[in-house]
Amino acid sequence: MEDRRDMLMSMFSAKGAKIDTNKGDEYYNKLLKNMNDRLDMLENSDVASKTSITQVLDAQGLTRRDFMKWASAACAMLMLPPTFTPTILRAAELMNRVPVIWIELQDCAGNSEAILRSDAPTIDELILDVLSLEFNETIMVAAGHQAEEHLHEAMEHFKGKYLCVVEGAIPLKMDGYYGTIGAKAQTFKDHLLEVAGNSAAVVAVGTCATFGGVPAASPNPTGAVGVQDVVKNKPIINIPACPANPANITGTILHYVLTGQIPELDHLNRPKFAFGYRIHDNCERRAHFDAGEYVEEWGDEGAKNNFCLYKMGCKGPMTFNNCSIVRYNEAVNWPIGAGHGCIGCSEPQFWDKYATERPMADSRIKAPTGGVEKSVDEFGLGLLTATGIGIGIHAAISATAGKKEEEK
Ligand code: SF4
Ligand code: SF4
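Structural notes, computed from the coordinates. (Residues numbered from 1 in each chain as written. Chains lettered and ligands numbered in written order. Predicted model: local features only at pLDDT ≥ 70, side-chain atom pairs only at ≥ 80, totals over all residues. Heavy atoms only, no water.)

This part is about the overall build of the protein chain. From N to C terminus, the protein chain includes 18 helices and eleven strands. Put simply, the protein chain has 408 residues, and 52% of those count as buried. Of all intrachain contacts in the protein chain linking residues separated by at least 6 positions in sequence, the fraction that spans at least 24 positions is 75%. If you sum the accessible surface of the protein chain, you get close to 18500 Å²; carbon and sulfur atoms cover 52% of it. (Helix = DSSP H or I, 4+ residues; strand = E, 2+ residues; numbered from the N terminus. Buried < 20%, exposed > 50% of the residue type's maximum accessible area, 1.4 Å probe, protein only. Contact = heavy atoms within 4.5 Å. Areas by Shrake-Rupley, 256 points an atom, 1.4 Å probe, with all protein chains shown as cover.)

A word on the pattern of salt bridges. Across all of its chains, the model carries twelve salt bridges by this definition. The salt bridge partner of Arg90 is Asp40, with a shortest N-O separation of 2.6 Å. Placement of the pair is Arg90 in helix α5 (residues 85-93) and Asp40 in helix α2 (residues 25-43), with a sequence separation of 50 residues. The buried category is assigned to Arg90, whose relative accessible area is 19%. Across the pair Asp266 and Arg270 runs a salt bridge, and its minimum N-O distance is 2.8 Å. Considered together, Asp266 and Arg270 belong to a single accessibility category, that of buried residues. (Salt bridge = Lys/Arg side-chain N within 4 Å of Asp/Glu carboxyl O.)

As a further point, take a nonpolar patch on the surface. Side chains of Met174, Tyr177 and Tyr178 sit close together on the surface and give an oily, nonpolar patch of about 390 Å² of accessible area. Take Tyr178: it is sitting in the loop between β4 (170-171) and β5 (180-181). (Patch = residues over 30% accessible without salt bridge, like charges linked within 9 Å, V, L, I, M, F, W, Y side chains within 5 Å.)

This brings us to the packing of aromatic side chains. Scanning the entire structure with this criterion turns up six aromatic pairs. Ring centres of Tyr27 and Tyr28 lie 5.2 Å apart, and the angle between their planes is 85°; on these two criteria the pair is classed as edge-to-face. With a relative accessible area of 38%, Tyr27 lands in the partly exposed category. An aromatic cluster is defined as three or more aromatic residues linked by ring pairs; in this entry it consists of Tyr27, Tyr28 and Phe84. In this structure, Arg38 packs its charged tip against the face of Tyr256, placed 5.4 Å from the ring centre. (Phe/Tyr/Trp six-rings, centres within 6.5 Å; stacked < 30°, edge-to-face > 60°. Lys NZ or Arg CZ within 6 Å of the ring centre and 35° of its normal.)

The next point concerns the packing of helix α4 (residues 64-77) against α5. In the contact formed by α4 and α5, the axes pass within 9 Å of each other and the chain directions differ by 110°. Comparing the axis directions of α4 and α5 gives the class roughly perpendicular. In contact with Arg64, Phe67, Met68, Trp70, Ala71, Ser72, Ala74 and Cys75 of α4, α5 contributes Thr85, Ile88, Leu89, Ala92 and Glu93. Across the contact of α4 with α5, the residue classes break down as nine nonpolar, two polar and two charged. (Axes fitted to C-alpha atoms, helices over the stretch in contact; angles between N-to-C directions. Parallel < 35°, antiparallel > 145°, perpendicular 65-115°, else oblique. Nonpolar A, V, L, I, M, F, W, Y, C, P; charged D, E, K, R; others polar.)

In the neighbourhood of ligand 2, the contacting residues comprise Thr319, Asn321, Cys323, Tyr328, Trp334, Pro335, Cys342, Ile343, Gly344, Cys345 and Ser346. A breakdown of the residues in the shell around ligand 2 according to their chemical character gives seven nonpolar, four polar and no charged. (Near = heavy atom within 4 Å.)

On to the site of ligand 1. In the region of ligand 1, 13 residues are neighbours, and His280, Cys283, Cys308, Leu309 and Cys314 sit closest. Per-class residue counts for the shell around ligand 1 are nine nonpolar, two polar and two charged.

A few words on the pairing of strand β7 (residues 201-205). Burial analysis of β7 places five of its five residues in the buried class, which makes it a mostly covered element. Bridge count for strand β3 (residues 163-167) against β7 is five bridges, and the pairing is parallel. Within β7, the residue paired with Cys164 across the bridge is Val202. Here β7 pairs with strand β9 (residues 236-239) via four bridges, running parallel. Looking across to β9, one finds that Val203 is bridged to Ile237. (Pairing = 2+ DSSP bridges.)

This is the structure we're talking about:
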């Protein structure tokens, strides 16, 4: 795990990274003091959940040393200096002070499943056991009126203090009656507005909740949209991907515990610590991209040698996410490592725009810091020089090939 921390730090501070990773001693000293003041305050507040991280780790046979290693990597992921590691540990121990209400809307529960169905849960996944999950339809025992009653009690008791985590899109067509809940057939939209309205902040988890995801794919029969299209009066943090990486969910909640604030966001409301980099920036196949070595068809020599998947439709060059750094399942592997290109699942409209096994010639993308939309070629030229030219050439080749196919 120390290796993982080193890897994370070197990648976050790599040449070309678009986030300032060293803000100076004065900044960090002040930040550390503010964080410790906040944790002192939380320590003296009510325990919202009786489960402690120590109990959870013991039950899984994990040691304090494992916990320390996790905190060190979490510290790097949040782009904090190593001296913040004890503070991260303390914050994780105080996560049971933060009440969370987790609602399911138009989705497959894939984000919950990704967290819950692990044979060997990572500490990121176990942290969620420590949170005071006041309401979660997927895992709670209560159902029907009993569940609704508990939801309303929790909203009242923790009014203005809880985090509202949302999984799933919101159907708006037919006055929202494609999705209803409870005896009064409350629409998903009204259910969301009620729960979000009493929260401190809203965390939209997964691409359905952030941008509409698969339910919003053309022709979008239910008029599905993301949380930010409905909730207008609360801070919203988007953690897209299909599913969202548990490390990014934990990192966001950890940031809230540490600071009482939402993390710095990009123009799509995604935390910059997780979505400030393109998949392509840190991809293990990048050297093959630069060398012009590509998989040309599934199962060929290039595939056997782990060559770049750009020609097989990899959308890593236009997708912002940290999968290539954090990976999945305790950094064991990730989609490109397993042999398939990125399908841009953390970007808006990914199903219509990116989920094909062909390269794109005309994608318009924005830098995470905002700014003007550019094509892949222009964007690549601005940020990647030679690499951008590479993308442009291959995009042009694919466009020409596409035209030839059409002419045929
Ligand atoms: S195009 Fe895809 S596979 Fe190739 S280097 Fe970029 S992210 Fe990796
Ligand atoms: S590699 Fe791309 S498609 Fe796969 S999980 Fe990451 S962002 Fe989504």
